[in-house]
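# Overview (structure and organization)
The lines below spell out each chain.
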Amino acid sequence: MRRYLLLLVVLPILLWRPPLTAQTGESFQRKVITNYEMLYMQLMGLQPDFSRSARVENISIAREAARFDLQEGELYLLTPVLGKTIGAVFLGKGIASITPPTQIEQEQLYRFYKSTTLEKEFTMLFLLFADATLTELQKKLTFTEGEPNKTARDHLEYCLKYLGNRKGNYFSTGAINAILANEPNGFFYAHFSKKKKDPFCFRIDPDAVEEVRLMRRANRGPFSHQFETVCQFHKQADYLPGKDLSNENKDLLKIIHYQIESTIKDNLDFSAVAQVEFTARQAGLNWIYFTLFSDMIVDSVFWDNGAKATYFKHKHNPILWIRCDEPLDPFSIRTIKLFYHGDLIDRNEAAWIYIKNSTGWYPRHGARRPATFELTFHTPTKYSFVSVGKKLSSQTEKKVLTTRWVTPEPIRNASFNIGDYKKYQITDDRIPPVTVYMSEGGHMDIGHALGVAGITSGKSMEKQVGADVANSLAFFQHVFGPVSVEQFYATETPYLHGLAFPGLIHLAWTTFQRTSEKGYDEVFRGHEVAHQWWGIGVDFKTYHDQWLSEGFATYAGLWYMQTALQNNKKFFNILKEYRRDILGNRKFTFGSGQEAGPIWLGYRTQSSKTEGDYNLIIYKKGAWVLHILRNMMLDLKTMNEDKFTNLMRDFYQTFRGKKASTEDFRRTVEKHVGGDMKWFFKQWVYGTDLPTYRYSYRVQKQEDGKYLLHLRVKQENVPGDFAMYMNLKVDFGKKRYVYLRVFINKPEEDIALPLMPIKPKKLEFNALESVLCEVKHEKWK
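No experiment lies behind these values; they were computed from the predicted model shown. Each chain has its residues counted from 1, following the order in which its sequence is written. Reporting in this predicted model follows two pLDDT cut-offs: at least 70 for local features of residues, and 80 or more for side-chain atom pairs to be given and counted; totals over whole chains, interfaces and linings ignore these cut-offs and use all residues. Only hydrogens and water are set aside; all other atoms, that is, all heavy atoms of the structure, feed into the side-chain values.

What follows concerns the overall build of the chain. Along its length, the chain carries 14 helices and 40 strands. Across its three principal directions, the C-alpha atoms of the chain cover 100 × 75 × 50 Å. Burial here depends on accessible area, computed with a 1.4 Å probe over protein chains only, as a share of the maximum for the residue type. Under 20% is buried, over 50% is exposed, and the range in between is partly exposed. Each of the 781 residues in the chain was classed as buried or not, and the buried ones make up 57%. Contacts between residues were defined by any pair of non-hydrogen atoms, one from each residue, lying within 4.5 Å. Intrachain contacts of the chain at a sequence separation of at least 6 include 68% that bridge at least 24 residues. Using the Shrake-Rupley algorithm and a 1.4 Å probe, accessible areas are obtained, with residue cover drawn only from the displayed protein chains. Carbon and sulfur atoms form 49% of the exposed surface of the chain, whose accessible area is close to 34,200 Å². Looking at the chain, you have 104 positive and 87 negative side-chain charges, and the mean spots of the two groups are 4 Å apart. Secondary structure is summarised from DSSP: a helix means a run of H or I of at least four residues, a strand means a run of E of at least two, and numbering begins at the N terminus for each. The convention is simple: Lys and Arg are positive, Asp and Glu are negative, and His and the chain ends are not counted. For this purpose, a charge sits on NZ of Lys, CZ of Arg, CG of Asp or CD of Glu.

Here it is, written out as structure tokens:
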């Protein structure tokens, strides 16, 4: 591909206007800095100001859930940024004490450190702030001329590596927003350690949805300078009775509409012109930022009045900063126009054309916020091309195919695919038209290219994949409700995962190689199709609710496989695999000894030491929760599943086009079961306990000739009030059996089952895999 030189552009000056009354005790005047790079250099070049040194003895700094006790040592203010003191570094002895305010976060802290309060001694504390910290320090300390201290410089240089990256001139957006704010916004950052390379961080970012974080260094090698979250929560003042914290939106902008014209050349060079229509969500913004794939180079930016904008975007930096032509008004709609290009698309040795970032190809702001799209693509006619949206037009001129696509309603992710594909089209009256795009040449040499022996493609794989896509669409429309797309595309990619967009899914190349005999491919294909309902049709409110997308789609894929193959054995075998993985995690997580967190933690279930936990808990345990509900709602006499189907259909139709929370789903479940289900969600979504059941039974013939089956159950590894409905299968032989359901809510119970006219031959405990648990059969004593 053609490579582009990154030209150094001299940007107009960046002005910072301080408030008229300063909370820092300093005298402010208008400060001038020439561009973002100069701001970045001041931040990464922060140094201890030894002319402002103070001896410290027993002072404390308290912020939210944290308290820093500086027992003795030396504290140095840092050199100013934009003429403003924003930091300090302390060397000496101190103790940090942090107690999360919620039970779930305390339990999360306990998983990491076996304590609900983190108490850590430190010999170094680095502070960065946009609050009253400077005023507080000036009141408690006396600053005088001090001696230069190389240790202070070295520690500060190391700390700054966690905030900035010199390769792309990146610096934390939260910190920069705080520095550029018109007044102190409450930002607070504390990096502390006793061992230099084993630091912790406590951070308050007012622009984050959950403002307070406790972090530790991620275990990703000796040269990694990244923090990972241990606990994360709202400011204590936000925990008010009845306040719905899931509705908070801290984005600086609301994007309304995209109009993007993209060009892909024969050599796969990518360029685009994007018009972004938006409104500000905060008054007086002087700078705004967008995320854009790091390899993209921005050529120019213009405002809607034609004025050329001041901006910064380094090739290796995913953040695009744009200076506003005037302070933004939240009641005004503004538009910016960006010209950019970059190495977005490439071809590998196995003849695959692939997109390096399926959603980062256009400028974005915020997390998962919907907007409408109007997309035009100019692509070589020798390649097949497909996009999200409804295709409005298609025309060819001089070996260039120009297509135009629009989204009828707002969506949160837009993507496309391009490649050497053969098409397989399916027309079925039950569903929208389906087109499968399978790689023409990627399969011939893929085993060699990947170093995997024995990889060969099955016959007519595009038809096998297409059949599952079409049949799962039909099945999900039947059980959940109609899908809101007019055309559906399934494209093959050279990756090992799938991605779903409105009317478009990317499928892993492996599912085009052959169809597994164990049902895995039907589950995978069904999972990605199911996202049209779960994740797209019904979006999840916050990361806490992501299981409503991934867990639901996983179980939908399982349910489709069970129905399509008419094979309960394969269905239950995969559920049992999930159970073995989840139960095995209870004591050890990949050898680390750290137990997995609850479903409610979302992506935070995964850490650098438990990298598989996100898939394990959100996908697999999330699917298990639905399976438990399905069993609880099953009519054991008729095996009718209408209650569960009606629940899922109601939830989809009620929240289609909206964001749903776990509590929204709980209320819908309660509507359909006719009772309080807080206990269920406390155990399975907000909690981590997994029961072990030890059971024994005996059969006694009664005087009237009937038989009494007496069941004894011990419930272990869970709290004493843990409650669960358990399915039993009583087998009388000769293919005669009956299903029963019992309620267990005590550590030990003796249960007399209804009298039976035939002598039972066998009792199956946890029939139909009704509960995620470990079961042990014991002899009756």
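There's plenty left to go through after this.
Moving on: unusual backbone geometry. One non-glycine residue, Lys 399, adopts positive backbone phi at about 65 degrees. The exposure class assigned to Lys 399 is exposed, which follows from its relative accessible area of 68%. The phi dihedral of Asn 766 falls on the positive side, at around 65 degrees, and the residue is not glycine. Inspection of the secondary structure assignment puts Asn 766 in the loop between β39 (762–765) and β40 (774–777).

Another aspect to go through is a positive patch on the surface. Patch building starts from residues that exceed 30% relative accessible area and form no salt bridge, then joins like charges within 9 Å and nonpolar side chains (Val, Leu, Ile, Met, Phe, Trp, Tyr) within 5 Å. The rule for a salt bridge is simple: a side-chain nitrogen of Lys or Arg has to be within 4 Å of a carboxyl oxygen of Asp or Glu. On the surface, Lys 701, Lys 734, Arg 736, Lys 759 and Lys 761 cluster together into a patch of positive charge. Examined against the element boundaries, Lys 761 turns out to sit in the loop between β38 (748–752) and β39. According to the relative accessible area criterion, Lys 761 is exposed, its value standing at 63%.

We now examine the nonpolar core. Residues grouped as a nonpolar core are buried Ala, Val, Leu, Ile, Met, Phe, Trp, Tyr and Cys residues, joined through side-chain atoms within 4.5 Å. Counting 107 residues, the largest nonpolar core has Phe 476, Trp 547, Phe 665, Phe 680, Trp 684 and Tyr 693 as its most contacted members. Considering every element that reaches this core, the biggest residue donor is helix α11 (residues 613–633), with 13 residues. Beyond its immediate stretch of four places on either side in the chain, Phe 476 contacts Gly 481, Gly 526, Val 529, Ala 530, Trp 533, Ala 556, Gly 557 and Tyr 560. With 96 residues, the next largest nonpolar core counts Met 44, Leu 180, Leu 344 and Ile 355 among its residues.

Looking now at α11. Between the first and last C-alpha of α11 there are 29 Å, a value that for 21 residues agrees with the 30 Å anticipated at 1.5 Å per step. Think of it this way: the bend at a residue is just the angle between two axes, each fitted to seven residues, one set ending at that residue and the other starting at it. Taking the largest bend as the criterion, α11 deviates by roughly 25 degrees, centred on Lys 621. Of all the 21 residues making up α11, 20 are buried; the element is thus mostly covered by neighbouring parts of the structure. Helix span, as expected, comes to 1.5 Å for every residue beyond the first.

Glancing now at the pairing of strand β18 (residues 319–323). In terms of burial, β18 is largely enclosed, as 4 of its 5 residues are buried. Two strands are counted as paired when DSSP detects at least two bridges linking them. Here 5 bridges tie strand β15 (residues 287–291) to β18, and the two strands are oriented antiparallel to one another. If you follow Phe 290 over to β18, its bridge partner there is Leu 320. Sheet topology places strand β17 (residues 311–312) next to β18; 2 bridges connect them, and they run antiparallel. Note that in β18 the partner of Phe 312 across the bridge is Trp 321. Between β17 and the antiparallel strand that follows it, β18, lie 6 residues.

With that settled, the discussion passes to the sheet that holds strand β4 (residues 66–78). Judged by pairing direction, the sheet is antiparallel, and its 8 strands sit side by side in the order β3-β4-β5-β6-β9-β10-β11-β12 without closing on themselves. Looking at the sheet topology across the chains shown, the edges are occupied by β3 (48–63) and β12 (227–233). Pairwise comparison of adjacent strand axes, ignoring direction, gives a mean angle of 20 degrees for this sheet. In the sheet, strand β10 (residues 200–204) pairs with strand β11 (residues 212–217) via 5 bridges, with the strands oriented antiparallel. Axis definition: a line fitted to C-alpha atoms, limited for helices to the stretch in contact. Angles are taken between N-to-C directions and run from 0 to 180 degrees.

A sheet is described by the order of its strands in space; here 3 strands give the open sequence β37-β36-β39, paired in antiparallel fashion. Looking at strand neighbours, the two that pair on one side only are β37 (736–744) and β39, the edges of this open sheet. Between one strand axis and the next, the sheet turns by 25 degrees as a mean value, whatever way the strands run. Most of the contacts of α11 go to strand β36 (residues 724–733), to which it runs at about 60 degrees, and overall it touches β36 and β37.

Turning next to helix α2 (residues 103–113). Among the residues of α2, Ile 104, Glu 105, Gln 108, Leu 109, Arg 111 and Phe 112 are the ones counted as buried. Seen from one end, α2 has its buried residues packed into an arc of 155 degrees, which puts them on one side. Where the residues of α2 are buried, they touch β5 (87–98), β6 (118–130), β11 and β12. Positive backbone phi, at 55 degrees, marks Lys 114, one or two positions downstream of α2. Read the arc as the range of directions from the helix axis to the C-beta atoms.

Turning to the packing of helix α7 (residues 461–479) against helix α9 (residues 547–565), a few remarks are in order. Relative to each other, α7 and α9 sit at 105 degrees, their axes nearing to 10 Å. When the interaxial angle is binned, α7 and α9 end up roughly perpendicular. In this structure, α7 contributes Ala 467, Asp 468, Asn 471, Ser 472, Phe 475, Phe 476 and Val 479 to the contact, and α9 contributes Ala 556, Gly 557, Trp 559, Tyr 560 and Thr 563. Throughout, the ten residues Ala, Val, Leu, Ile, Met, Phe, Trp, Tyr, Cys and Pro are labelled nonpolar, Asp, Glu, Lys and Arg are labelled charged, and all others, Gly among them, are labelled polar. Split by residue class, the contact of α7 with α9 holds 7 nonpolar, 4 polar and 1 charged. Each angle gets one of four labels, with under 35 degrees taken as roughly parallel, over 145 as roughly antiparallel, 65 to 115 as roughly perpendicular, and the rest as oblique.

Tracing the chain through its elements places Thr 402 in strand β25 (residues 400–406). Of note is the side chain of Thr 402, whose polar atom sits 2.8 Å from the side chain of His 378. With near-sequence residues (within four places) excluded, Thr 402 lies in contact with Thr 376, Phe 377, His 378, Ser 393, Ser 394 and Gln 395. Distance and chemistry together define a polar contact, namely a pair of N or O atoms within 3.5 Å, with one atom able to donate a hydrogen and the other to accept it when in protein, and with adjacent residues in sequence counting only for side-chain atoms on both sides.

Before going further, it helps to examine the confidence of the model for the chain. One rule of thumb: low pLDDT means the predicted coordinates there are not for detailed reading. One number per residue, pLDDT, summarises how confident the predictor is, and it ranges from 0 to 100. Predicted confidence across the chain gives a mean pLDDT of 91, with 92% of residues reaching 70 or more. Confidence drops under pLDDT 50 across residues 451–456; counting only partners more than four residues distant or on other chains, this segment forms 8 contacts. For the stretch residues 588–592, pLDDT sits under 50, and the model shows 12 contacts to residues farther than four places along the chain or on other chains.

A separate point is the packing of helix α12 (residues 642–655) against helix α13 (residues 662–673). Packing of α12 against α13 leaves a shortest axis separation of 10 Å and a crossing angle of 135 degrees. When the axis of α12 is compared with that of α13, the two are oblique. Along this stretch, α12 crosses α13, giving a crossing that reads as right-handed. Between α12 and α13, the contacting residues are Lys 643, Asn 646, Leu 647, Met 648, Asp 650, Phe 651 and Phe 655 on the first element and Asp 664, Phe 665, Thr 668, Val 669, Lys 671 and His 672 on the second. Grouping the constituent residues of the contact of α12 with α13 by class yields 6 nonpolar, 3 polar and 4 charged. Throughout, a crossing is termed right-handed when the near helix is turned clockwise from the far one, and left-handed when it is turned anticlockwise from it by less than a right angle.

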